[in-house]
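# Fold and geometry: a report
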Amino acid sequence: MFRRALGKTLGFVGYTIQYGCIAHCAFEYLGELVVCSGPSMEPTIVNHDVVFSERLSRHLYKIEKGDIVIAKSPFDPHMNICKRVIGLEGDKVCTSGPSDIFKTHTYVPRGHVWLEGDNLRNSSDSRIYGPIPYALIRGRVCLKLWPPHCFGPLNESPTGRIIETQSDSDSE
């Protein structure tokens, strides 16, 4: 009886480890559910919306301008941020706020991206901390899951701050 109980326990532990490894690989390489908080992405994503963040685009270097991404915060590595990609390496981006009289620009350095929230007046983003390394990107948000009446793919940027570069228009 003891031998049978030990065998069942070890079998259960083995299956638990197997399924744990499968779950880890799925969350690390395929995607994850993310509960967003804060006002920086309003009106696209509001407080407590649940989104699906896929990881394949990051691994395949397929992040594009206009994509919404989940990234590690450059200030606190224990915190994730949700922002829209405004510029990729080599792009010229506007660094001033929406109410600034004089507009300033900079270029995104190699291996970095420029991130901004859709709610420009209430967002801590690359206008404050500068471009972030591509390696801090955790995934690309592709689907809003909650609330149910908002289920579906996410829409275009409401700010209109994504500047199309010459190389973008040449590729179309």
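Quick caveat, the model's predicted, so the values are computed rather than measured.

### Topic: unusual backbone geometry
Residue proline 43 is bonded to the preceding glutamate 42 through a cis peptide linkage, with omega at 5°. Its location among the elements puts proline 43 in the loop between strand S1 (31-35) and strand S2 (50-54). In the segment running from tryptophan 146 into proline 147, the intervening peptide bond is cis, with an omega of 5°. The topology assignment puts proline 147 in the loop between strand S9 (137-146) and helix H4 (166-170). Non-glycine residue histidine 48 carries a positive phi angle of around 75°. Within the secondary structure, histidine 48 is located in the loop between S1 and S2. The class for histidine 48 is exposed, based on a relative accessible area of 54%.

About the criteria used
Residues numbered from 1 in each chain as written. Predicted model: local features only at pLDDT ≥ 70, side-chain atom pairs only at ≥ 80, totals over all residues. Heavy atoms only, no water. Helix = DSSP H or I, 4+ residues; strand = E, 2+ residues; numbered from the N terminus. Buried < 20%, exposed > 50% of the residue type's maximum accessible area, 1.4 Å probe, protein only.

Fair warning: the whole summary comes from geometry, so function is off the table for now.
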